[in-house]
Amino acid sequence: MMRKKSVSASKASLVLFLCQMISALEVPLDSKLLEELSQPPTITQQSPKDYIVDPRENIVIQCEAKGKPPPSFSWTRNGTHFDIDKDAQVTMKPNSGTLVINIMNGGKAEAYEGVYQCTARNERGAAISNNIVIRPSRSPLWTKEKLEPNQVREGDSLVLHCRPPVGLPPPIIFWMDNAFQRLPQSERVSQGLNGDLYFSNVQPEDTREDYICYARFNHTQTIQQKQPISVKVFSMDSLNDTIAANLSDTDIYGAKPVTERQPVLLTPTGSTSTKVELRGNVLLLECIAAGLPTPVIRWIKEGGELPANRTFFENFKKTLKIIDVSEADSGNYKCIARNILGSAHHVISVTVKAAPYWITAPRNLVLSPGEDGTLICRANGNPKPNISWLANGVPIAIAPEDPSRKVDGDTIIFSHVQERSSAVYQCNASNEYGYLLANAFVNVLAEPPRILTSANKLYQVISDSPALLDCAYFGSPKPEIEWFKGVKGSILRGNEYIFHDNGTLEIPVAQKDSTGTYTCVARNELGKIQNEVQLEVKDPTMIIKQPEYKVVQRYGQVSFECIIKHDSTLLPTVIWLKDNDELPDDERFLVGKDNLTIMNVTDRDDGTYTCIVNTTLDSVSASAVLTVVAAPPTPAIIYARPNPPFDLELTGQLERSVELSWIPGDENNSPITNFVIEYEDGLHEPGVWHYQTEVPGTQTTVQLKLSPYVNYSFRVIAVNEIGRSQPSEPSEQYLTKSANPDENPSNVQGIGSEPDNLVITWESLKGFQSNGPGLQYKVSWRQKDVDDEWTSVIVANVSKYIVSGTPTFVPYEIKVQALNDLGYAPEPSEVIGHSGEDLPMVAPGNVQVHVVNSTLAKVHWDPVPLKTVRGHLQGYKVYYWKVQSLSRRSRRHVEKKILTFRGNKTFGMLPGLEPYSSYKLNVRVVNGKGEGPASPDKVFKTPEGVPSSPSFLKITNPTLDSLTLEWGSPTHPNGVLTSYILKFQPINNTHELGPLVEIRIPANESSLILKNLNYSTRYKFYFNAQTSVGSGSQITEEAVTIMDEAMASRQVDIATQGWFIGLMCAVALLILILLIVCFIRRNKGGKYPVKEKEDAHADPEIQPMKEDDGTFGEYSDAEDHKPLKKGSRTPSDRTVKKEDSDDSLVDYGEGVNGQFNEDGSFIGQYSGKKEKEPAEGNESSEAPSPVNAMNSFV
């Protein structure tokens, strides 16, 4: 009973650990964060397990890994340490574990044959690669042998043996003659899987002396040739003549005709055989039979069906091919060879085994000190694989002990881990058919919380839509996340919020009151951090007045309205479309703010008009239809679309044509311009009508061309200027006879989706194009430029076929031919395709950088050999990034930039560099599959440039004769600052600038006291920094020294002196007398004909409103730069000409200096608001103010 309890507790503990593993830390893919965190090594790239190399080229064994700190690399060869320093032919790439074995300079590939394994190690653990078996390819010569001529009686079977030399990898076998032409093959003569040539029965035309077997070794691109084989076929007539001439006794060997024979299997022999194949591979079963007539092969699976979609027949159905086999494909497969005399059969017992494959591969584990976790390694196979664990590349049984670790079969359980528990674990699953090796690290980190989302990020959404506020975070232990609204708001809870595991806060239905500041707080036992984001909820954009359906007469005018309501902070754009396309480029279409107007409407304007309103956050649209009709000559005449035709009749039915006739319906006062004929295919697409043709409106019969194997019905539609009629009633049905296809599939392409396949695609024929039942396709392919025979397969009515096991990125000739139950379509044309691409193998070499100036550099590189691109060369990518600023010596977040150069370009310019900085770059070649390896990082530096403006300039502590200046250094010094330049000059009350003074200040100063200045004087300052290259942009500021109190009091005293008051009173009395005199003279003006003079000299600017329409004159926008039109009261820029007013604008508002241009427009500016360049002696046309005048007396 106790034992059962302990087992149950163990299972419960395992379930608990599994749950904890699921919640283990995930490290975000933030480049800055990844640079700062320690991480055990991870193998990122390695050579294949079985690596066959070309013995004529250098051997490159790849091993790349990442980790923090960067890992070091070591190798073993055949299980022992491989000291590369002792072998001059072996080098290791910098910052990499990749080995390069120099074969091209004297090394021998055979000497380096063996099993290699790479180890990447840092202070956190060690990761290992697969066992990489290096074997040089071999293409041995054929052994010499004496070949006897084959003399065969007509009708007998024959096997010509090839027996190619054993190569690595095995060669491709094909038979040709002395003229290097492929020997024709058929159901009677074909090549077996072992390369032998089989004759089910020989015929006299098989006599020849040049049956030659060729073996092509693809890896070394060599072809070996067997000695020619001679075959002589004796016909029975010639054999009897020979016997009669030599023996003179036909009774001994009488004439016997060629006898027919029932099938006998040539291969495989016997009645049964066995075959073992691995899961996921291609199963090939072969049966070749002798017999006369030539037997036909048929395949069945005993007790089951051949798998659909994975079964193919090749070599005239003598080979059964099943792709991607699984354990379910095990069983007995029977081939049956049959002719008219009988049959023979053979049963092949197939067993599908399996190399190990993953069910659950171990995953990296990031834990905090004291946490628990698990590594799980589960694999399956046939037989079931053995699971073994290693720690840092050492079997776990002899690895250093770790009290936090416990191994339980395919699971490692970790309890209360510490930082020393960090390691890389390897899981090895193996059986007799192979092995799997996976690295998974356990990284124990203690990190306070970090929030990766930028601070004060602004989110904008439309009201009633979801709002997602990010709070990407990291910490170890995993931080807890809380959200608050407002700076001191309470924690957010409730059903109106959704809290995601990645820290994101979701507001499913955001309202206007959701606007505000949201605070995300992340905390764990090591600390706490918070971040604020802003949410703005906008009003939705609406079309409150939509365009409406319009009917307009030809040559008339029509207008569609589209009045919108939108959030005041969003800028909408309105687009009009016609029939979902842009408006015609025609001046008749006038787009206003809220409408679309079409002038002088024509028939082409008929259609659907759509108003689309877009903002940065939403989009709405509304549509309306415009119908254009002819203008009626009299109100009594009504124009309408024609009535449908009727009484459709089919006559003159032929295999490919028929005559259709009909009676037109009423044209409704608008002549019928044409008839449209449509057809329905009731056999393939019932209920779908297709356009057939159209004829003029005066024609009521038409000869229609037909396709085979279509059940036709026809209907007719009449068309006039108003529109189309309703369709007529359908005609009677007419079924055409079947025929061979007339055409082949179009758009045939061959593009590989994987490095070892070729995906052949085409556009299937439509139903009526099949011309008969049983539509299929014959797909044929062969490798280009290697004299391969065509390989063909017939597939069902599909549009894709995948050829597996192809070399990487080689050209193929492809053709696809349609066929049906009646026969084949014409011979198709050939197209060129390519098998799948793979990632480029090598990086560009000889990368050089030439710095042009402080912000521009030119990079050069050598192109990679085209054969290493392994795909379509698309170009090169240059990755470059700033390492640090040379003036500040401080590193920052590395932001890599990428420039792509198309084609086989070997140089490029790098713009936008920062002066006086250190950069790195590397170059990678790009094909259709992706990027190749990067070249070694190249370091270059930019020279100094001119600095930016000082970050600020403040002027404080004004006195009678001094000012204190304080400034900040430039944000971007772009070099070593040599000094600051200060220029200043006084400004008087009329904004005239005084003499300019320049002072040079040492670069290490940040303040300056200017003395000996004039009191009560405004000064303008110009300040900039300098490097050895030159001066940067300047910053300006103005300030005023303090006024002397005695001077101020004197100004006030003058205004209160008695003599000044008396003078002002005298002036006022004089003005009063002048006004009285003017008033008296005006009263006497009635004696003169003033009215006539006013009429004769009327001011053209003072005119009454137009009597015809009661409107003012046309308004002229200030941007038009046009003179005002007649009837304007004032200029559009609100200035007043002198003849309109005698008041001076100088009298309004203190601090405004104004003057008039020659055209009478006013120019004014506020002091201190608009900068001026330093200048001297500027004159002013402004009259002095009274205060200025008083100052001039003092």
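Note that the structure is predicted; figures quoted are calculated from it, not measured. (Residues numbered from 1 in each chain as written. Predicted model: local features only at pLDDT ≥ 70, side-chain atom pairs only at ≥ 80, totals over all residues. Heavy atoms only, no water.)

K.L.:
Before we go on, may I ask you to explain the overall build of the protein chain in this structure?
P.N.:
Scanning the protein chain from terminus to terminus reveals 8 helices and 87 strands. In the protein chain, which comprises 1194 residues, the share counted as buried stands at 39%. Looking at the protein chain alone, contacts between residues at least 24 apart form 65% of all its contacts between residues at least 6 apart. For the protein chain, the exposed surface amounts to about 66700 Å²; the carbon and sulfur share of it is 52%. (Helix = DSSP H or I, 4+ residues; strand = E, 2+ residues; numbered from the N terminus. Buried < 20%, exposed > 50% of the residue type's maximum accessible area, 1.4 Å probe, protein only. Contact = heavy atoms within 4.5 Å. Areas by Shrake-Rupley, 256 points an atom, 1.4 Å probe, with all protein chains shown as cover.)

K.L.:
What is the right way to look at the packing of aromatic side chains in this model?
P.N.:
Remark: the centre distance and the inter-plane angle together describe each pair of aromatic rings, the angle taken between the planes. Across all of its chains, the model carries 22 aromatic pairs by this definition. Ring centres of W967 and F1023 lie 4.8 Å apart, and the angle between their planes is 50 degrees; on these two criteria the pair is classed as tilted. Note that W967 is positioned in strand β80 (residues 963-970) and F1023 in strand β84 (residues 1018-1026), a separation of 56 residues in sequence. For the pair W967 and F1023, one class covers both residues: buried. Through a chain of ring-to-ring contacts, three or more aromatic side chains come together here, namely F174, F180 and Y214. A cation over an aromatic ring shows up here: R279 above the ring of Y357, its NZ or CZ 3.7 Å from the ring centre. Positioned above the aromatic ring of W790, the side-chain terminus of K815 is 4.4 Å from the ring centre. (Phe/Tyr/Trp six-rings, centres within 6.5 Å; stacked < 30°, edge-to-face > 60°. Lys NZ or Arg CZ within 6 Å of the ring centre and 35° of its normal.)

K.L.:
Where do I start with the sheet that holds strand β56 (residues 619-629) in this structure?
P.N.:
Sheets are built from strands that pair by backbone hydrogen bonding, the pairs being arranged parallel or antiparallel. Sheet architecture is open: 5 strands sit in the order β48-β56-β55-β51-β52, paired in mixed fashion. Looking at strand neighbours, the two that pair on one side only are β48 (550-553) and β52 (581-582), the edges of this open sheet. Where strand β51 (residues 573-578) meets β52, 2 bridges bridge the pair, whose relative direction is antiparallel. Pairing of K578 across the sheet is with D581, part of β52. (Pairing = 2+ DSSP bridges.)

K.L.:
How do you make sense of the nonpolar core when you look at a structure like this?
P.N.:
The tendency in soluble globular proteins is for nonpolar side chains to be buried side by side. If you look at the biggest cluster of nonpolar residues, it comprises 29 residues, and the most contacted ones within it are I59, I61, W75, I101 and Y116. Ranked by residue count, the leading element in this core is strand β9 (residues 114-122), at 3 residues. When neighbours within four sequence positions are excluded, I101 is seen to be in contact with N58, I59, I61, Q89, V90, Y112 and Y116. With 20 residues, the next largest nonpolar core counts W762, L765, V810 and Y812 among its residues. (Core = buried A, V, L, I, M, F, W, Y, C linked by side-chain atoms within 4.5 Å.)

K.L.:
How do you make sense of the state of the cysteines when you look at a structure like this?
P.N.:
As used in these notes, a disulfide is a covalent bond between sulfur atoms, one from each of two cysteines. By the definition in use, this model includes 6 disulfides. For C162, the disulfide goes to C213, at an S-S distance of 1.9 Å. Taking the torsion about the S-S bond as the criterion, the C162 to C213 disulfide, at about -65 degrees, is left-handed. Highlighted residues: C162 in the loop between β13 (158-160) and β14 (172-176) and C213 in strand β17 (residues 208-217), separated in sequence by 51 residues. Here the two residues C162 and C213 agree in accessibility, since each one is buried. Bridging C471 to C520, the disulfide has an S-S length of 1.8 Å. Around the S-S axis, the bridge from C471 to C520 shows a dihedral of about -60 degrees and counts as left-handed. Remark: C520 occurs in strand β45 (residues 516-524) and C471 occurs in the loop between β40 (467-469) and β41 (473-476); sequence separation between them is 49 residues. Comparing C471 with C520 shows no difference in burial state: the two are buried. With its bonded cysteines labelled in order along the sequence, the protein chain shows the pairing 1-2, 3-4, 5-6, 7-8, 9-10, 11-12. (Disulfide = S-S within 2.5 Å.)

K.L.:
Hey, could you run me through the pattern of salt bridges in this one?
P.N.:
Working definition: two side chains of opposite charge can pair if their charged atoms are close together. Throughout the structure, instances matching the rule amount to 41 salt bridges. Taking the shortest distance from any N to any O, the salt bridge between D785 and K784 comes out at 3.3 Å. A relative accessible area of 27% places K784 in the partly exposed class. Residues joined by salt bridges that share partners form a network here, namely D177, R208 and D210. (Salt bridge = Lys/Arg side-chain N within 4 Å of Asp/Glu carboxyl O.)

K.L.:
When you look at the environment of F414 in this model, what are you seeing that I'm missing?
P.N.:
Its location among the elements puts F414 in strand β35 (residues 411-414). Relative accessible area serves as the criterion here: at 0%, F414 is assigned to the buried category. Spatially, the C-alpha atoms of F414 and T374 are 5.8 Å apart, while their sequence positions differ by 40 residues.

K.L.:
Sorry, what's going on with the sheet that holds strand β58 (residues 657-663) here?
P.N.:
Spatial strand order, β57-β58-β61: 3 strands in an open sheet with antiparallel pairing. Only two strands of the sheet have a single neighbouring strand rather than two, namely β57 (646-651) and β61 (701-705). Looking at each pair of strands side by side, their axes are set apart by 25 degrees on average, direction ignored. With 4 bridges connecting them, β57 and β58 associate as antiparallel partners. What sits directly across from F646, in β58, is I663. (Axes fitted to C-alpha atoms, helices over the stretch in contact; angles between N-to-C directions.)

K.L.:
I'm lost on the confidence of the model for the protein chain in this one. Help?
P.N.:
Parts of the prediction with low pLDDT should not have their coordinates interpreted in detail. Summarising the model, the protein chain shows a mean pLDDT of 84, and 84% of its residues fall at 70 or more. Ignoring residues within four places in sequence, the model shows residues 1-23, a span with pLDDT below 50, making 14 contacts including any to other chains. Considering only residues more than four positions removed or in separate chains, one finds that residues 248-255, a stretch of pLDDT under 50, has 8 contacts. (pLDDT = per-residue confidence, 0-100.)

K.L.:
Please clarify how the side chain of Q39 should be interpreted in this entry.
P.N.:
Structurally, Q39 can be placed in strand β1 (residues 39-46). Its relative accessible area of 18% is what places Q39 among the buried residues. With sequence-adjacent residues up to four places away left out, Q39 is seen in contact with K66, G67, K68, N122, R124, F441 and N443.

K.L.:
I would appreciate a short explanation of a nonpolar patch on the surface in the present structure.
P.N.:
A cluster of nonpolar residues, L1069, L1072, I1073, I1076, V1077, F1079 and I1080, forms a patch on the protein surface that exposes about 670 Å² of accessible area. Positionally, L1069 belongs in helix α6 (residues 1058-1083). What makes L1069 exposed here is its relative accessible area of 52%. (Patch = residues over 30% accessible without salt bridge, like charges linked within 9 Å, V, L, I, M, F, W, Y side chains within 5 Å.)

K.L.:
Before we go on, may I ask you to explain unusual backbone geometry in this structure?
P.N.:
Generally, phi is negative for residues other than glycine and the peptide bonds are trans, each holding for most cases. At the junction of K68 and P69, the peptide bond is cis and its omega measures out at 0 degrees in the coordinates. Mapped onto the elements of the fold, P69 is located in the loop between β4 (63-68) and β5 (72-77). At the junction of L168 and P169, the peptide bond is cis and its omega measures out at -5 degrees in the coordinates. Phi at D787 is positive, roughly 60 degrees, even though this residue is not glycine. Structurally, D787 can be placed in the loop between β66 (776-783) and β67 (791-795).

K.L.:
Please clarify how the environment of M176 should be interpreted in this entry.
P.N.:
Positionally, M176 belongs in strand β14. It is 9.8 Å that separates the C-alpha atoms of M176 and Q225, two residues lying 49 residues apart in sequence. Beyond its immediate stretch of four places on either side in the chain, M176 contacts Q181, R182, L183, D210, Y211, I212 and Y214.

K.L.:
Would you mind showing me how to read the environment of G107 here?
P.N.:
In this structure, G107 sits in the loop between β8 (99-101) and β9. Using a relative accessible area of 16% as the deciding quantity, one classes G107 as buried. Residues G107 and Q89 lie 18 residues apart in sequence; the distance between their C-alpha atoms is 6.7 Å. When neighbours within four sequence positions are excluded, G107 is seen to be in contact with Q89 and N102.

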